[in-house]
Amino acid sequence: MQENKQMITIKGTRDGLTLFIDDSCSFEEAFIELNEKLTENLSKKDEPTVYVTVKLGNRYLTTDQAEKLRGLIGRGNRFSVQSFESNVIPKDKALSWMEDSEVKPINRIIRSGQVLEVTGDLLLIGDVNPGGKVVSTGNIYIMGSMRGIAHAGVNGDRNAVIAASYMKPSQLRIADYISRAPDYESDGVYMECGLIDEEQDKIIIDRLQVLSHKRKDLNGFERRMNNG
Amino acid sequence: MGEAIVITSGKGGVGKTTTTANIGTALALMEKKVCLIDTDIGLRNLDVVMGLENRIIYDIVDVIEGRCKLKQALIKDKRFEYLSLLPAAQTSDKAASTVDSMKKIITELKQEFDYIIIDCPAGIEQGFQNAVAGADKAIVVTTPEKSSVRDADRIIGLLENKEMEPPRLIINRIRNHMMKNGDMLDIDEIVHILSIDLIGIVLDDDEVIKASNNGEPIALHPNTKVSIAYRNIARRILGETVPLQSLEDEKGMFQKVKKFFGIRS
Ligand SMILES: Nc1ncnc2c1ncn2[C@@H]1O[C@H](COP(=O)(O)OP(=O)(O)OP(=O)(O)O)[C@@H](O)[C@H]1O
Ligand SMILES: [Mg+2]
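Residues numbered from 1 in each chain as written. Chains lettered and ligands numbered in written order. Predicted model: local features only at pLDDT ≥ 70, side-chain atom pairs only at ≥ 80, totals over all residues. Heavy atoms only, no water.

Novice: Break down the overall build of chain A for me, with residues and values.
Specialist: Secondary structure assignment for chain A yields five helices and 15 strands. Taking 17 Å as the expected radius of gyration for a compact globule of 228 residues, we find that chain A reaches 24 Å, considerably beyond that expectation. With the C-alpha coordinates aligned to their principal axes, the bounding extent of chain A is approximately 70 × 40 × 30 Å. When burial is assessed residue by residue, chain A has 41% of its 228 residues classed as buried. A total accessible area of about 13400 Å² is found for chain A, and carbon and sulfur atoms account for 49% of it. Here chain A carries 30 positive and 34 negative side-chain charges, and the mean point of each set is 2 Å from the other. (Helix = DSSP H or I, 4+ residues; strand = E, 2+ residues; numbered from the N terminus. Rg over C-alpha atoms; globule rule 2.2 N^0.38 Å. Buried < 20%, exposed > 50% of the residue type's maximum accessible area, 1.4 Å probe, protein only. Areas by Shrake-Rupley, 256 points an atom, 1.4 Å probe, with all protein chains shown as cover. Lys, Arg positive; Asp, Glu negative; His and termini not counted. Charge placed at Lys NZ, Arg CZ, Asp CG, Glu CD.)

Novice: Can you break down the site of ligand 1 residue by residue, with the values?
Specialist: All names here are of chain B. Of all residues adjacent to ligand 1, which total 18 residues, the nearest are Gly13, Lys16, Thr17, Thr18 and Arg173. In this structure, an oxygen atom belonging to ligand 1 sits 2.8 Å away from a side-chain N or O atom of Lys16. Note that a nitrogen atom of ligand 1 is positioned 2.9 Å from one of the backbone N or O atoms of Leu203. Grouping the amino acids of the shell around ligand 1 by side-chain chemistry returns six nonpolar, seven polar and five charged. (Near = heavy atom within 4 Å. Polar contact = N/O pair within 3.5 Å; in protein donor to acceptor, adjacent residues only side chain to side chain. Nonpolar A, V, L, I, M, F, W, Y, C, P; charged D, E, K, R; others polar.)

Novice: Describe the environment of Asn181 of chain B, listing the residues and the values that go with them.
Specialist: By the element assignment, Asn181 of chain B lies in the loop between α8 (176–180) and α9 (187–194). The spatial distance from the C-alpha of Asn181 of chain B to the C-alpha of Ala229 of chain B is 23 Å, given a sequence separation of 48 residues.

Novice: Before we move on, could you go through the layout of surface pockets and cite the residues and values that matter?
Specialist: Residue and element names in this part refer to chain A. By volume, the largest pocket amounts to about 710 Å³. What lines the largest pocket is a set of 32 residues, among which Arg147, Lys168, Pro169, Ser170 and Ala181 lie closest to the centre. Looking at the lining of the largest pocket residue by residue, the class counts come to 15 nonpolar, seven polar and 10 charged. (1 Å grid on protein atoms, 1.4 Å probe; cavity = no way out; pocket = protein on both sides within 12 Å on 5 of 7 lines; lining within 4 Å. Points joined across faces, edges and corners; volume = space filled by probe spheres on them.)

Novice: How would you explain the packing of aromatic side chains if you had to name every residue and give the values?
Specialist: All names here are of chain A. Under the defined criterion, the tally for this structure stands at two aromatic pairs over all chains. For the ring pair Phe27 and Phe31, a centre distance of 6.0 Å and an interplane angle of 40° mean the geometry is tilted. Separated by four residues within a single helix, Phe27 and Phe31 lie in helix α1 (residues 27–41), roughly one turn from each other. Residue classification places Phe27 among the buried positions, given a relative accessible area of 9%. The exposure class assigned to Phe31 is partly exposed, which follows from its relative accessible area of 24%. Aromatic pair Tyr166 and Tyr190: ring centres 4.8 Å apart, planes at 50°, arrangement tilted. Taken together, the residues span a long stretch of sequence, with Tyr166 in strand β11 (residues 162–167) and Tyr190 in strand β14 (residues 189–197) at a distance of 24 residues. Judged by relative accessible area, which is 61%, Tyr190 ranks as exposed. (Phe/Tyr/Trp six-rings, centres within 6.5 Å; stacked < 30°, edge-to-face > 60°.)

Novice: Pulling in residues and values, what's your account of the interface of chain B and chain A?
Specialist: Every contact between the two is made by 12 residues of chain B and, on the other side, 12 residues of chain A. When chain B packs against chain A, close to 1000 Å² is buried across both sides, 36% of that on carbon and sulfur atoms. Area buried by chain B at its contact with chain A is led by Arg150, Asp153 and Ile193 of chain B, which between them contribute 42% of it. Counting across the interface, chain B meets chain A through two salt bridges. Along the contact surface separating chain B from chain A lie seven residue pairs in polar contact (both at pLDDT 80 or more). Contributing elements (two or more residues each) for the side of chain B that touches chain A: α7 (146–159) and α9 of chain B. Top contributing element to the side of chain B that touches chain A by residue count: α7 of chain B, with six residues. Each residue belonging to the side of chain B that touches chain A can be placed in one class, and the counts come to four nonpolar, three polar and five charged. (Contact = heavy atoms within 4.5 Å. Buried area = accessible area lost by both parts, 1.4 Å probe. Salt bridge = Lys/Arg side-chain N within 4 Å of Asp/Glu carboxyl O.)

Shape descriptors only; they carry no functional weight alone.
Quick look at the structure:
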């Protein structure tokens, strides 16, 4: 019985191939069987590369193993691994995701010349004054006046947002995007947020209400669970 | 035991020395024993504004370096016995004055005086650190200009790390017509941004400049608005709840200020 059980299953989809690797066998066994399957199918030349999504079930791949599979599947340039999908992640990674998406409440005024940096989402109960700066790896929520500089998603999270009770920033930065206040004196706005608009390819300021449909997964943890 | 209050601003020329001289004078007029300290070493001014320049024999650096006793360096004001001045050095190198030496001087002065008012140099470097070192409280002076408010905010942030209560605010050189036209930040906005208690507002008045040229702090004049403003600040320092009086009431713009005063009892 054991002998006949398929360790590797391949299915064609619209976007390419999906390759299921059974999660109860050892990596070596799976590797050998996959090697055989691929060798049978080799030969035909001059066909475009087919993209492969590898589904691992409850198997955890080390970086080393991932590289080996990538090399095996990519051999001969017929296939190319698009992504590995697994149900499991190691504890340390889960903890760092959690830290990255925890909300850090802080109540003080960030005055001129002061910089507040947090890992995760920042909930500031207080103002950011002109010349003050707040930085976070996640979202920034300010219950107060935002008159200085805020940098959300500082490690590159373009989905991060900056929300404030009162917005009159000198600069908003999200991941690698920067927007600054106009050179003329302008009025601030109440209950608004800054976020990256994909189509316009820049940071826009909009009403807080838009977040409910533009950023469904406001929580970075859920976002990562869903998107890896 | 007396209380040491530093007058600081970050930005230069906004009225620290003028404020020190006038608050000191006003407190002395109320029969408090006051000692003014000029910590702006190399750019001493307070003695000139107080009209005491000619009497300087020793200065603060002489005290620190042990060339004289603290008592010998204090200049008694010729007009009333309650006021003394410890002048800054005009020539000696700044390195002489340190955080520790300032603390020591102020502790000694607190034995004898009710209030020690410290005139801080502009900037946020060592001179500032020395000036605030021995202080129990701070008053931040700003003018209704963006750059001045920005620097005041920076100073308030730096004072947060010191062991003293939150500083209080004086807005100096207010020009009525400019504020009415919106050409100056208004008081509401300044207090909102800095979010500290307002302890007084002082109009811009040519008499201030005239008075300091004559070495007579304007607080000595009985009836100008500015003089009353300084005396009100002195009363608020003493803990009185000073009701808004005519000078601050008759102008419409001052109505708004009401809510900032009188909160503390
Ligand atoms: N309320 C006022 N109305 C008119 N002039 C004023 C007022 N306050 C201060 N001044 C003038 O502004 C100038 C600067 O004041 P002052 O020397 O007190 O400032 P400062 O903050 O001590 O300056 P520095 O930073 O150089 O020590 C002086 O000429 C002074 O007379
Ligand atoms: Mg001065």
